[in-house]
Amino acid sequence: MPPVPSRRAFLLAAAASPLTLSAFPAHAADSYDTLRLTWRDLVIGTGFTPTAEPYATKLAALGATAADLRATMAPAPGSLWPDLPYADPEPDTDAESYTYSGHLGTSYHRLRTMAEAYAQPGTGLTGNTALRAEILTGLDHLHDQAYNASRARYGNWYNWQIGIPQALLDVDVLLYDHLGAARIAEHCAAVDHFVPDSAVANYTGISTGANRVDLCRVLALRGVIGKSPAKLELARDALSPVFPYVTSGDGLYADGSFIQHLYVPYAGSYGAVMLGGLSLLFALLAGSSWAVTDPGRQIVLDSVEKAYAPFVFNGLAMDGISGRAVSRGVQKADTDGIRQDDHLRGHGIIACIALLARSASAAEKARWDGMVKGWIARDYYSPVLSSPALGVAALSRLKAVADGPAAPSAEPVGHRLFPGTDRAVHRRPGWAAALSMASNRITYYENGNGENLRAWHSGSGMLYWWGADFANGQYSDGFWPTVDPYRLPGTTASRKALADGEGGVWGVARPDVRWVGGATDGTYAAVGQYLKGLSSTLLAKKSWFFLDDAVVCLGAGIHGRDGTGVESVVENRNLGVSGTHAFTVDGTVQPAAPGWSATLTGASWAHLAGHAGYVFPGGATVKASRQARTGAWSDINRGAVTDPVTRRYLTLWFDHGTDPTWATYAYVLMPGASAARTSARAADTGWLTVLANTADQQGVRVPSLGFTGVNFWFGGSAGAVTASAPASVMIRESGGTASVCVSGPLRDGAAIDLTWNRPVASVTSKDPSVQVIATGSALKVRVTPGTLGAVHKAVVQLG
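I will try to describe carefully the structure that is included in this document. Nothing here was measured: the structure is a model prediction, and the numbers come from that model.

This part takes up the pattern of salt bridges. Applying the stated rule across the entire model yields 37 salt bridges. Among the charged side chains, a salt-bridge network with shared partners connects Asp30, Asp33, Arg36 and Lys227.

Printed below as a string of structure tokens:
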């Protein structure tokens, strides 16, 4: 089972701390002391001026928090703080026991906060002997009553094996010289009891991916504190199963995907924790007898640019790869009130990359420093160098990069498909978009631990997008507790009422479909999803064609018998607390007041000021509304605060009616477009040709871009392209050549015979999986697609 939510953000921030000199220098008598002092530097950090910003404010806040914790600490049977009772009257693994074990974990993390305030300069409590004595009293209290070698665990396994021992061992590092041999032995025995060597004996179950790295961190620090070479060797060696690429289940995939919990795209949360943990352990063990030398570590270094950077935009980490974390907002357990959002998750990843650079080659470090510096420069919505998610050490590391010689890198332009997680990311000058889908391999959404209870349709084709210099807070600013969960942008969904957590916990809710995937040449793409609704009779075929300044969106075969309405959502834009952005339809500005709604018959185009344009080829009947919606984070996450949140929305959708039979839709999304450019695109009837929009094929041609894209749900023809079997095909002509890209989204390995009725003189290059059958008046190739959804490419000289 996954962890108490707020702790993940804490661990990620800790992982982002730099290697610097200790705030309390001490002599290293042996290699274990050297490692201990290295760890102290990693999680505390120095090399900064405590009276300078942003450090002075951070340190003062840390001291104030520690003072409050100190003032309210009141050891009593079953609790160290009155608001955190941890003694479970009926210890088991039910929800109540999860709460009690979570309280125990939070108690240890509060002691860690106090210990950091003691160790850090400029907190007002630095070196305070009375505070140190109180921390030791708290450690002894928790050890005697709850976390010792004679106790049995209850509630969430994570607290006992990762959250608590990591906090405990950090405190032991910070107060090591004041613990005494007996206390150290007791703490080591407790950790050995709850985290035995057998916890990493097999790479399976909960001991995989990010969890395995967290367990290795515990074992390594246990080895350092207890001066055990065997524990350090075990921690190092137990990392090796994390490194290789996987083709199913948890871990990193060769295409850049990261999965945790078997079915959940998780680079933004668990993957980030894994990256952070590895960056810490690589740095800790470097130069010692236990240095990580497994050649597989290069896969981790490669993942920075393959698995993480593609999902970071202007400092934010895209929500589609963050699982339950999107629902966290502000947790009740977060006494400092720090929110959690896509930017703060992104800041943690950025800081981890900066630390991992210390273990990378000079060329990798140079590239990564450029990326980090670019993200720091562009995150206008939530500035990185004053991020509430990062501690002093992480900020000092990032400030060093920002002030360093690296030239800031721009956001890349291009398209990335991630077949391993049914995700796609499209980047163009001025904007970026991301698509989340679901299949029999990838869940619609994940809920668990009472988190993320209403993201039912977030895998039903949710299309996120951001501008280069606008709308970067679209999903950060109270979006998830206030958006209509039945109208997530880009999705097709039944209005059938769903229960909180519908479909089951930990990502088990997956549709029985295989055709999800696409084809790309790295610039443009054709992507498709065969959709079956969650706990619904809904069926739909959905396609997206990612182009230069637009995304063409098609839907067909939309069918349902739930006795409820079915909708395809063009847009559901968060306008903030009081947004009145002008909404124009075919040149007429619509009312701006919340509560307005209308049916727009025969609409050719629409425009939302400051956001985007929308074109409806041939005209369409769509509905639109403005709403002020109120919710609370606790509505979607039982551990979150109950404070009401209100945001205004402009929603635009196709209403397919109750129990539709094979309905369709078509629209063009133009992020950042002006009203004039949107109107001109709608008037240019030759810009787009819809080749097919049926339950058999969906395809478009855009002559000005030389683009043809077709998703063949079944074999057949669309325009000049014929496929013998289900396939996704993307062709782009340019300057007398063309790239032909094909994938087999069914992943059954069956050969695909493709014919392009276009004169082709020769094939100039091709992947080994592509066999040329004929050129001349038409191109005929046979593609053997394999079983991983990869794209197979041939480049041809046009006749």
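There is more to say after this.
Strand order in the open sheet formed by 7 strands is β22-β23-β24-β27-β28-β33-β30, with antiparallel pairing between adjacent strands. The sheet is open, and its two edges are formed by β22 (689–693) and β30 (760–766), each paired on a single side. Shown here is a sheet whose adjacent strand axes are inclined to one another by a mean of 15°, direction ignored.

Structurally, the position occupied by Glu571 is in strand β15 (residues 565–574). The buried charged residue Glu571 lacks any salt bridge, with Arg573 as its nearest oppositely charged partner at 4.3 Å. A polar side-chain atom of Glu571 sits 2.8 Å from a polar atom in the side chain of Tyr614. For Glu571, the contacting residues outside a window of four places in its chain are Trp465, Pro489, Tyr614, Leu650, Thr651, Leu652 and Leu669.

Direction of pairing for strand β16 (residues 583–585) relative to strand β18 (residues 597–608): antiparallel, over a ladder of 3 bridges. The partner of Phe583 across the bridge, within β18, is Leu608. Relative to strand β19 (residues 612–632), β18 runs antiparallel, the two sharing 9 bridges. Bridge pairing in β19 links Ala603 to Ala620. The hairpin turn running from β18 into β19, its antiparallel successor, is 3 residues long, and Gly610 in that turn takes a positive phi close to 80°.

So, on to the state of the cysteines. Counting across every chain of the model gives 0 disulfides. Its sulfur unpaired, Cys216 is 17 Å from the next cysteine sulfur, which belongs to Cys352.

Counting buried residues along strand β23 (residues 697–702), 5 of its 6 residues qualify, which places the element largely inside the surrounding structure. Taken together, the 4 bridges between β22 and β23 define a ladder with antiparallel strand orientation. Residue Val690 lies in a different strand from β23, and its bridge partner there is Val700. In this structure, the hairpin formed by β22 and β23 is closed by a connection of 3 residues. Note: β23 against strand β24 (residues 707–712), 6 bridges, orientation antiparallel. Looking at β24, one finds that Val702 is bridged to Phe707.

Reading guide: rules and limits
- Residues numbered from 1 in each chain as written.
- Predicted model: local features only at pLDDT ≥ 70, side-chain atom pairs only at ≥ 80, totals over all residues.
- Heavy atoms only, no water.
- Salt bridge = Lys/Arg side-chain N within 4 Å of Asp/Glu carboxyl O.
- Pairing = 2+ DSSP bridges.
- Helix = DSSP H or I, 4+ residues; strand = E, 2+ residues; numbered from the N terminus.
- Axes fitted to C-alpha atoms, helices over the stretch in contact; angles between N-to-C directions.
- Buried < 20%, exposed > 50% of the residue type's maximum accessible area, 1.4 Å probe, protein only.
- Lys, Arg positive; Asp, Glu negative; His and termini not counted.
- Polar contact = N/O pair within 3.5 Å; in protein donor to acceptor, adjacent residues only side chain to side chain.
- Contact = heavy atoms within 4.5 Å.
- Disulfide = S-S within 2.5 Å.

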